[in-house]
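Structural characterization, general
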Amino acid sequence: MTYSHVSVLSKEALEYWVHDEEGIYIDATVGGGGHSVQLLSQFPHVRLIAVDQDPVAIQAAQERLKSFGDRVTWVRANFRDLTEKIEPPLHTHIAGILFDLGVSSPQFDDPSRGFTYQADAALDMRMDPSNPITAFRLINMRSKEEIARALHEWGEERWAKRIADFIVKAREKEPIRTTGQLVELIKAAIPASARRTGGHPARRTFQALRIWVNDELAALNQGLETAQRLVAPKGRVVVISFHSLEDRIVKHVFRQWEQEHKGHIVTKHPLTPSKEEVLDNPRSRSAKLRVFEQS
Ligand SMILES: C[S@@+](CC[C@H](N)C(=O)[O-])C[C@H]1O[C@@H](n2cnc3c(N)ncnc32)[C@H](O)[C@@H]1O
């Protein structure tokens, strides 16, 4: 399979990410390497630490960035653990860090990873295959209340309790093994009248499960704290988020840093993709870019 992910807001991200043309930068979510390839080709003296928790993404990015040789250092890790992964002499010396959150198109489009409700596959949804928690485990082993809470909080699903109820009744008979089985349960749980609006009925449940499996919001909070400790004065923390739960965290954390006099928010309002970008790449439509500059 070719690894094809169209980078979102790439021109804008690069503009804010780079302020020192000889600096060391971190791409905390290298994915297919789209943002990084632009950084390395446009700024021939920068170096890059490329991070991703998905070994498939790392492999694809290594292939794409191989012509840059030892200008790139590879780290397969969750960005929440970056402090331990970056050599102590580099702490507070990183010129800028980019987070382009969420899953990449290849992760989403490969049915075997279980992220998509468009295909039938094992319930997985892990970005990091060494994570012991899969969607199968959560759906089959957690209590009805926990499932309902997750769907409500992370999917903003108004039928969370009913869906959890249907899940728990179904798994009493046999384990729920596939995305297809889960989609059928969600469809049965949401009343037909409500199913006519709001897109695919499984969209919110799948979002919630993905966030839960990968502990995405806690990882984001920790990743941002780590970033703040690593980035040098005048360096930027640049974040592209794709849904309101993520964006709320970024906005809140940046405000808190400003109150603590750690620097200032560069983007009073988040940047969003142009109409042309959304037409070219519909997956960019919910993207928001926020930037913080260290004092
Ligand atoms: C939207 S893609 C990045 C695409 C990349 N910027 C490009 O232009 O090709 C997000 C990537 O971040 C990775 N990721 C998400 N959360 C992560 C985390 N907490 N730690 C490390 N990597 C993470 C995913 O595995 C995925 O490869």
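A few points on the structure. Since we're looking at a predicted model, the values are computed, not measured.

Rules of the game
- The written sequence of each chain sets the order in which its residues are numbered from 1.
- For this predicted model, a pLDDT threshold of at least 70 governs which residues receive local features, and a threshold of 80 or more governs which side-chain atom pairs are given and counted, while totals over whole chains, interfaces and linings are taken from all residues.
- Note: side-chain values were computed over all heavy atoms of the structure, leaving out hydrogens and water.
- Any residue under 20% of the maximum accessible area for its type is buried, any over 50% is exposed, and the rest in between are partly exposed; the area is computed with a 1.4 Å probe on protein chains only.
- Counting from the N terminus, the helices are DSSP H or I runs at least four residues long and the strands are E runs at least two residues long.
- Strand pairing is assigned whenever DSSP identifies at least 2 bridges connecting the two strands.
- Only a single heavy atom is needed: when it lies within 4 Å of a molecule or strand, its residue is near that molecule or strand.
- In the analysis that follows, any N or O atom pair within 3.5 Å is treated as a polar contact, provided that within protein one partner can donate a hydrogen and the other can accept it, and provided that, for residues neighboring in sequence, both atoms belong to side chains.
- Where accessible areas are quoted, they stem from the Shrake-Rupley method and a 1.4 Å probe; at the residue level, only the protein chains shown are allowed to cover.
- Grid points spaced at 1 Å over the protein atoms alone were grouped into cavities, where a 1.4 Å probe fits but cannot get out, and pockets, open sets with protein on both sides within 12 Å along at least five of seven lines, with lining residues defined by an atom within 4 Å of a point.
- Cavity and pocket membership follows a simple rule, namely that a molecule belongs there if more than half of its atoms are within 2 Å of the grid points.
- The classification used treats Ala, Val, Leu, Ile, Met, Phe, Trp, Tyr, Cys and Pro as nonpolar, Asp, Glu, Lys and Arg as charged, and all other residues, Gly among them, as polar.
- Residue contacts are defined here by distance: any two heavy atoms, one from each residue, within 4.5 Å place the two residues in contact.

Summarising burial for strand 5 (residues 231-241): nine of the eleven residues are buried, a large majority. One ladder, built from six bridges, connects strand 4 (residues 94-100) with strand 5; its direction is parallel. Looking at strand 5, one finds that Asp 100 is bridged to Ile 240. Where strand 5 and strand 7 (residues 288-294) come together, six bridges link them in antiparallel fashion. Paired with Ile 240 across the strands is Leu 289, a residue of strand 7.

This part covers the site of the ligand. In the region of the ligand, 24 residues are neighbours, and Ser 7, His 35, Asp 52, Asp 100 and Gln 107 sit closest. Contacts to the ligand include Gln 53, whose backbone N or O atom sits 3.2 Å from a nitrogen atom. Within the side chain of Asn 78, an N or O atom sits 2.9 Å from a nitrogen atom of the ligand. Protein contacts shield 98% of the accessible area of the ligand, which totals 610 Å² for the unbound molecule. Given that more than half its atoms are within 2 Å of the pocket grid, the ligand belongs to the largest pocket. Its residues assigned to classes, the shell around the ligand shows eight nonpolar, 13 polar and three charged.

Right, let's talk about the environment of Arg 162 for a bit. Among the secondary structure elements, Arg 162 is positioned in helix 8 (residues 160-173). The exposure class of Arg 162 is partly exposed, given its relative accessible area of 37%. A C-alpha to C-alpha distance of 9.8 Å links Arg 162 and Lys 144, two positions 18 residues apart in sequence. With near-sequence residues (within four places) excluded, Arg 162 lies in contact with Ala 188, Ala 189 and Pro 191.

Nothing here speaks to function; it is geometry throughout.
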